[in-house]
Amino acid sequence: MTAAKENFLVGIFDDEDVLLEAVGNIRDKGVKIKEVYSPFPVHGLDEELGYTRSRLPIAAFLFGMTGTILALSTQIWMLGFDWPMIIGGKNNYSIPPFIPVTFEFTVLLSAFGMVITFLIVSDMKPYKWPRQYDIRSTDDKHVMAIDLGANKTSKEEIRAILKENGATEVNEKSF
Amino acid sequence: MNATHEIADEKYELKSGTRSKLFMLLGAGILLFIIGVFMAMSGGEHHEGGEAEKGKEHASAQISKDLVASVDQHGDAVKTEGAKTEEHHAKTAPWLKRIYTTLWMNNVFFAGLGIIGLFFIAIQYAAQAGWSAGVKRIPLAMGHWIPFAGIIMIVLFFVVKHDVFHWTHADLYDKASPDFDKAITGKSGFFFWPLAPGGFPLFFVVRMVVFFGLWYLFFTWIKKEMLAEDLDGSIQHWYNSRKFSTIFLIIFGYSSSIAAWDWVMSIDTHWFSTMMGWYVFASWWVCGLAMITFIVASLKNAGYLKVVNENHIHDLGKFVFAFSVFWTYIWFSQFMLIFYANIPEETVYFVQRRLVAPYSWIFFANLILNFVLPFLLLMMRDSKRQIAMLQVVCPIVILGHWLDYYNMVTPGVMHGEGGLGLLEIGMAMIFMAAFLLVTLTSLTKFPLVAKHDPMMQESLGHHI
């Protein structure tokens, strides 16, 4: 662990409707929320947090296109030019038999590409220990983490804001 | 979503503007059809295209001959349709044959749109789907086309049978006749049982009547439950609908497949494909989905359907997108196996469609309109949520599958003489206007929103 510690205020919420309202109110006050953890998906939470849509589908499309082009060109080059063979009386390079392989390779590259992109973007590298703001976020509580270093508002003010927006507990946590 | 939403009563009103537009479509269709008929008649043997067409016809005759030769080489008794037997029968004029073909093809296509309306509802009930509660009235209205399609099809069969269905000729089954066909005689039980081959196709006609009868019966049952629910709000109607839907789906699974063999595949009597049932169904299904989506999008644009929001539109868009890909999968599965195995009896189907105009360009247009365009245009999430985009893609899909049916039916009947001119376009417009008139008129007869649908609250909270 590094010497410079990061300090967080952790608000605990019981109810997802209270949480949704709180997220909006807290962001309106100019407090930046690092992340919210919940035991189940809460509809509308990402909009409240101001998250824009993921660009992962665009990456998937580009990986898929790479797969399509790579598979088609490889097969055409290998069976048509590098080592021409007559199979089943067809042309050396006839497109229909290449389609299943092309399809599979497109799916393979877009799936692998998406997973790898996701891991890199989310910073999930091997031996990375996940930060646990509050273990109860895996059970029955919604957990809101606020990075004190990224906020100009003082700790006591944020604590007050969290309390008045329905947080049942406010804890401090450092990593 | 915990809060229950108030649902306003809504009723669709067929405005005189819409009605007159539909009648204009009908009128324009009739006009084009009549012009098309005269053009085809004056063209005589060789319609519209003239010299170029002559060359193509020659080419197609050559292809037929080659195929017959290649089949004979394999020592098989199978003959290619139109090569020999056709000459002995009294020849119907090509223009009349074109009318028969386009009538049959359009009726099969639009019968599918009607039956998919019922199928869509049945799937929603059987799957206990919640999201679709607000849109189920539109497929219900489309289902009203089923009885019309059934009556037209049964009457039409007796008018067109000798021209469209090669297997109806009696001398194919007569051993003494020079036209005796061993392959078709082997299949005769499927058409004529229990009567003698070559007589009245009892089994075939009974199947047609039973299928339409069952579909219409289940349609009336489900419709009755859905409308009774509006009045008393009892949840029992939902359970009854689910029961009828489940039984209907089992029946439809068999009947749609057999209907595809009967109405589409038996036109190319010698040819067979185990994919054909799926293929016809996939084409009907994606086209019906496009029709439902298009009507929902248009109603939404006109200010109706307040219970439908962009999440529901998104789901419908996903349906069109997904089943366009499904259709392509089925298309490719059928094409690839036939292409690879290279058996003459099977390849004849694609040889006719790949090498003879106008089928050859439709063959490729088919793939572009039904796969490439919907696939690329509907791939993005935002495009599936935009009504304007769906109003572009859905007509493309409907047109594409109309061409798909054209290519399924016409080459088997017309061989090298087929055309895609004003005659066919006019007939399609007539059918489209009639179908939309029946659908929209039925839509005015019941509330547009199922107020007491037990899934309605779930549908209102639908969020993706």
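Residues numbered from 1 in each chain as written. Chains lettered and ligands numbered in written order. Predicted model: local features only at pLDDT ≥ 70, side-chain atom pairs only at ≥ 80, totals over all residues.

A. Spotlight on the overall build of chain A. Helix and strand counts for chain A come out as five helices and four strands. Along chain A, helices and strands appear, N-terminal first, in the series β-α-β-α-α-α-β-α-β. Here the C-alpha atoms of chain A give a radius of gyration of 25 Å, more than 25% beyond the 16 Å that 2.2 N^0.38 yields for 175 residues. Once the C-alpha set of chain A is aligned to its principal axes, its extents read approximately 80 × 40 × 30 Å. Taken across its 175 residues, chain A has 17% of its residues classed as buried. Intrachain contacts of chain A at a sequence separation of at least 6 include 78% that bridge at least 24 residues. (Helix = DSSP H or I, 4+ residues; strand = E, 2+ residues; numbered from the N terminus. Rg over C-alpha atoms; globule rule 2.2 N^0.38 Å. Buried ≥ 20, exposed ≤ 12 C-beta atoms within 10 Å, placed from the backbone. Contact = placed C-beta atoms within 7 Å.)

B. The arrangement of the overall build of chain B in detail. Secondary structure summary: chain B contains 16 helices and zero strands in total. Counting only residues that meet the buried cut, chain B has 47% of its 464 residues in that class. By sequence separation, contacts in chain B at least 24 residues apart represent 80% of the contacts at least 6 residues apart.

C. View of helix H3 (residues 56-82) of chain A. Residues and elements named next belong to chain A. The end-to-end C-alpha distance of H3 is 36 Å, a good match for the 39 Å that 27 residues give at a rise of 1.5 Å each. Within H3, burial applies to Phe63, Gly64, Gly67, Ala71 and Leu79. Where H3 is buried, its residues meet helix H4 (95-121). (Expected span 1.5 Å × (residues − 1).)

D. Region of interest: the environment of Asp28 of chain A. Residues and elements named next belong to chain A. Its place among the elements puts Asp28 in helix H1 (residues 16-28). By C-beta crowding, Asp28 is classed as exposed, having 8 other C-beta atoms within 10 Å. Distance in space between the C-alpha atoms of Asp28 and Pro100 is 53 Å, their sequence separation being 72 residues.

E. Up close: the interface of chain B and chain A. In this complex, chain B contributes seven residues to the contact, which on the side of chain A involves six residues. Among the residues forming the side of chain B that touches chain A, the class breakdown is five nonpolar, two polar and no charged. (Nonpolar A, V, L, I, M, F, W, Y, C, P; charged D, E, K, R; others polar.)

F. Fine view of the nonpolar core. Ranked by internal contacts, the top residues of the largest apolar core, which has 129 residues, are Val264, Val286, Ala290, Val296 and Val320 of chain B. For this core, the element with the most residues is helix H9 (residues 276-301) of chain B, which contributes 19 residues. Sequence-distant contacts of Val286 of chain B, that is, excluding residues within four places in its chain, are made with Val320, Phe323, Ser324, Trp327, Val397 and His401 of chain B. Among the nonpolar cores identified, the runner-up in size contains 17 residues, and Phe13, Leu19, Tyr133 and Leu162 of chain A belong to it. (Core = buried A, V, L, I, M, F, W, Y, C linked by C-beta atoms within 7 Å.)

G. Spotlight on helix H5 (residues 145-164) of chain B. Residue and element names in this part refer to chain B. When the terminal C-alpha atoms of H5 are compared, their 23 Å separation across 20 residues is substantially less than the 28 Å that a helix rising 1.5 Å per residue should span. Along H5, the sharpest kink reaches roughly 55 degrees, centred on Phe158. Buried residues of H5: Trp145, Ile146, Ala149, Gly150, Met153, Phe157, Val160, Asp163 and Val164, and no others. Where the residues of H5 are buried, they touch helix H3 (94-126), helix H4 (137-142), helix H7 (202-232), helix H14 (387-414) and helix H15 (422-443). (Bend = angle between axes of the 7 residues up to and from the residue.)

H. Representation of unusual backbone geometry. Residue and element names in this part refer to chain B. In this model, Trp193 is joined to Pro194 through a cis peptide bond whose omega is 0 degrees. By the element assignment, Pro194 lies in the loop between helix H6 (182-192) and H7. Backbone geometry at Asn342 places phi at a positive 60 degrees, although glycine is not the residue there. The class of Asn342 is exposed, set by 11 C-beta atoms lying within 10 Å. At His415, a residue that is not glycine, the phi angle is positive and equals roughly 50 degrees.

I. Structural context of the confidence of the model for chain B. Residues and elements named next belong to chain B. Per-residue confidence for chain B averages 89 on the pLDDT scale, and 89% of its residues sit at or above 70. In this model, residues 45-57 is a region of pLDDT below 50 whose contacts with residues beyond four sequence positions or in other chains number 18 contacts. If you check the scores for this complex, the pTM reads 0.88 and the ipTM reads 0.82. (pLDDT = per-residue confidence, 0-100.)

J. Structural view of the sheet that holds strand S3 (residues 142-147) of chain A. All names here are of chain A. Pairing is antiparallel in the open sheet, where four strands are placed in the order S2-S3-S1-S4. Every other strand in the sheet has two partners, leaving strand S2 (35-37) and strand S4 (169-174) as the edge strands with one partner each. In this sheet, neighbouring strand axes are inclined to one another by 25 degrees on average, regardless of whether the strands run parallel or antiparallel. Pairing analysis gives six bridges linking strand S1 (residues 7-13) to S3, with the strands arranged antiparallel. In the sheet register, Ile12 faces S3, and the bridge partner there is Val143. Across the sheet, H1 is in contact with S1, S2 and S3; its angle to S1 comes to roughly 140 degrees. (Pairing = 2+ DSSP bridges. Axes fitted to C-alpha atoms, helices over the stretch in contact; angles between N-to-C directions.)

K. Spatial organisation of the packing of helix H1 (residues 16-43) of chain B against H15 of chain B. Residue and element names in this part refer to chain B. Two elements in contact, H1 and H15, have axes whose closest approach is 7 Å; the angle formed by their N-to-C orientations is 155 degrees. It follows from the interaxial angle that H1 and H15 lie roughly antiparallel. H1 and H15 meet at a crossing whose hand is left-handed. When grouped by side-chain class, the residues that make up the contact of H1 with H15 number 23 nonpolar, four polar and no charged. (Parallel < 35°, antiparallel > 145°, perpendicular 65-115°, else oblique. Left-handed = near helix turned anticlockwise from the far one by under 90°.)

L. Expanded view of the environment of Phe431 of chain B. Residue and element names in this part refer to chain B. Take Phe431: it is sitting in helix H15. Owing to 24 C-beta atoms within 10 Å, Phe431 belongs among the buried residues under this scheme. Leave out the neighbours within four places in its chain, and Phe431 touches Asn106 and Phe110.

M. Geometry of the pairing of S3 of chain A. The sheet contact formed by S2 of chain A and S3 of chain A spans three bridges and is antiparallel. Within S3 of chain A, the residue paired with Glu35 of chain A across the bridge is Ala145 of chain A.

N. Fine view of the environment of Phe165 of chain B. Within the secondary structure, Phe165 of chain B is located in the loop between H5 and H6. A sequence separation of 101 residues divides Phe165 of chain B from Ser266 of chain B, and the C-alpha atoms of the two residues are 7.0 Å apart.

O. Layout of the packing of helix H10 (residues 310-341) of chain B against helix H11 (residues 344-355) of chain B. Residue and element names in this part refer to chain B. H11 packs onto H10 with a crossing angle of 120 degrees between their chain directions and a minimal axis gap of 9 Å. With respect to H11, the axis of H10 lies oblique. H11 is crossed by H10, and the crossing has left-handed handedness. Along its contact with H10, which presents Phe335, Ile338 and Ala341, the element H11 presents Glu346, Thr347 and Phe350. Tallied by class, the residues present in the contact of H10 with H11 amount to four nonpolar, one polar and one charged.

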